[in-house]
Amino acid sequence: MSTPRVIAFYLPQFHPTPDNDKWWGKGFTEWTNVAKARPLFPGHYQPHLPADLGFYDLRLPQVREEQCALAREAGVDGFCYWSYWFGNGKEELELPFNEVLASGKPDFPFMLCWANESWHSKFWNMDGSIEKTTLVEQTYPGDEDIDRHFYHRLPAFRDHRYIKVDGKPVFMVYNYEDHPQMARFISRWNELARKEGMPGIYFIAHIKLHINRETFARIRSLGFDAINTCRIWDAEERRITYWSKTFRRWKAGITGYPKYRDYGTTTPLYFTDEDRDPTVFPTLIPNWDHSPRSGKAGVILHDSTPEKFKLHALDVLSGVREKPGPNFVFIRAWNEWGEGNHMEPDLRFGKGYIRALAEARKATE
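Residues numbered from 1 in each chain as written. Predicted model: local features only at pLDDT ≥ 70, side-chain atom pairs only at ≥ 80, totals over all residues. Heavy atoms only, no water.

(A) Broad picture of the pattern of salt bridges. The full count for this structure, using the stated rule, is 23 salt bridges. The salt bridge partner of Lys90 is Asp19, with a shortest N-O separation of 2.9 Å. Taken together, the positions of Lys90 in the loop between strand 2 (78-83) and helix 4 (95-103) and Asp19 in helix 1 (residues 18-24) put the pair 71 residues apart, joining distant regions of the chain. Judged by its relative accessible area of 32%, Lys90 falls in the partly exposed class. A single network of salt bridges, built from pairs that share partners, joins Asp19, Lys22, Lys90 and Glu92. (Salt bridge = Lys/Arg side-chain N within 4 Å of Asp/Glu carboxyl O. Helix = DSSP H or I, 4+ residues; strand = E, 2+ residues; numbered from the N terminus. Buried < 20%, exposed > 50% of the residue type's maximum accessible area, 1.4 Å probe, protein only.)

Right, dumping it as structure tokens:
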């Protein structure tokens, strides 16, 4: 039996970059989408506007310190930074984490998740289909790039703040199926880690669809140590038949009606008996609303409140506290404001979600 470590996904997006300036206009950040969002139906909560931290810029160390202070208050044990390595040394949004690493501040635990997917400019049609233009392509050039990626991350793995299991740095892969040499990647990184005096890497696969024991077995056969389940899309797939999907697409196309589910009745689907497995780590969802990015084609969990989130957190945290060995619960997310998916204070609820998690953690200790 072990107390779960709660780790929140962290989006390092909120600062200008040369590529975003080129693609979207000078000064673009995720705040651009957040601020222009509007309600799509009666009772729809948009826009989500930040409270305590304001429209922050992640180039400022003071902001990063304040984020960690709020995370500690919530009972969050560390951040999982999304990292972007597109192959041949190409990165995006690397500045905030590089600053955290180089400065040694904030003194707050962290790990990395390789968000290995191409970036696209997307246009959402009313029927739910998506038209894409590639901005940056995710590539897998081979062994030389696998080694280069490892040594680029090695300073982080050696940092005393890096989250480890039995001395192994914890590293998550977002799209395990996308990599054509996933087993080779894992084997090679473990080999290099041992060469550098570490016992290996503790690999976690992030999984969004087809969450079942057969998929778990396939993931473990690649060399992964554990699995992180995020059930937003899987729960939707499981309960929607072909005909109901077709009807909803037709309805959206005719009426412009957005796709949404009630938060309170949906979140119980996000934790199942499969998540009680000792090497399966579930995800808490405080809220979800993709409409700032995709308008009426967005997927929305409607009517999330801190009180409902607390019930969700109690369900998950109490369900995993009997697990032996490494025990993680992830939160998606700390600050993904463009997906209406954040723990940080907003003007409507203030620190409500932070207090809700802190209370849930205390109640399940």
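(B) Here's a closer look at the side chain of Thr266. For Thr266, the position within the fold is in helix 10 (residues 263-266). A distance of 2.7 Å separates a polar side-chain atom of Thr266 from the backbone oxygen of Asp262. (Polar contact = N/O pair within 3.5 Å; in protein donor to acceptor, adjacent residues only side chain to side chain.)

(C) Summary view of the sheet that holds strand 14 (residues 299-302). An order of 10-14-13 is seen for the 3 strands of this open sheet, with the pairing classed as mixed. The outermost strands of the open sheet, each flanked by one partner alone, are strand 10 (259-262) and strand 13 (288-289). With 2 bridges connecting them, strand 13 and strand 14 associate as antiparallel partners. Of the residues in strand 14, the one forming a bridge with Trp288 is Leu301. (Pairing = 2+ DSSP bridges.)

(D) Highlighting the nonpolar core. Counting residues in hydrophobic clusters, the biggest one holds 101 residues, and the most contacted among them are Phe171, Trp334 and Leu357. Per-element accounting of this core gives the leading share, 6 residues, to helix 6 (residues 182-195). Residue contacts for Phe171: discarding those within four places in its chain leaves Leu112, Trp114, His149, Phe157, Tyr162, Phe185, Trp189, Ile201, Tyr202, Phe203 and Ile204. (Core = buried A, V, L, I, M, F, W, Y, C linked by side-chain atoms within 4.5 Å. Contact = heavy atoms within 4.5 Å.)

(E) The packing of aromatic side chains, seen in detail. Tallying each qualifying case throughout the model produces 43 aromatic pairs. Summarising the aromatic geometry, the rings of Tyr10 and Phe79 are spaced 4.9 Å apart at their centres and angled 45 degrees between planes, so their arrangement reads as tilted. Taken together, the residues Tyr10 in strand 1 (residues 5-10) and Phe79 in strand 2 connect sequence positions 69 residues apart. For the pair Phe86 and Trp119, a centre-to-centre distance of 5.6 Å together with 90 degrees between the ring planes defines the contact as edge-to-face. You can see Phe86 sitting in the loop between strand 2 and helix 4 and its partner Trp119 sitting in strand 4 (residues 119-124), a full 33 residues away along the chain. In this structure, Phe86 and Trp119 share a single accessibility class: buried. Here Lys208 stacks its cationic end above the ring of Tyr174, 4.0 Å away from the centre of that ring. Its end group placed over the ring of Tyr45, Arg348 keeps NZ or CZ at 4.1 Å from the ring centre. (Phe/Tyr/Trp six-rings, centres within 6.5 Å; stacked < 30°, edge-to-face > 60°. Lys NZ or Arg CZ within 6 Å of the ring centre and 35° of its normal.)

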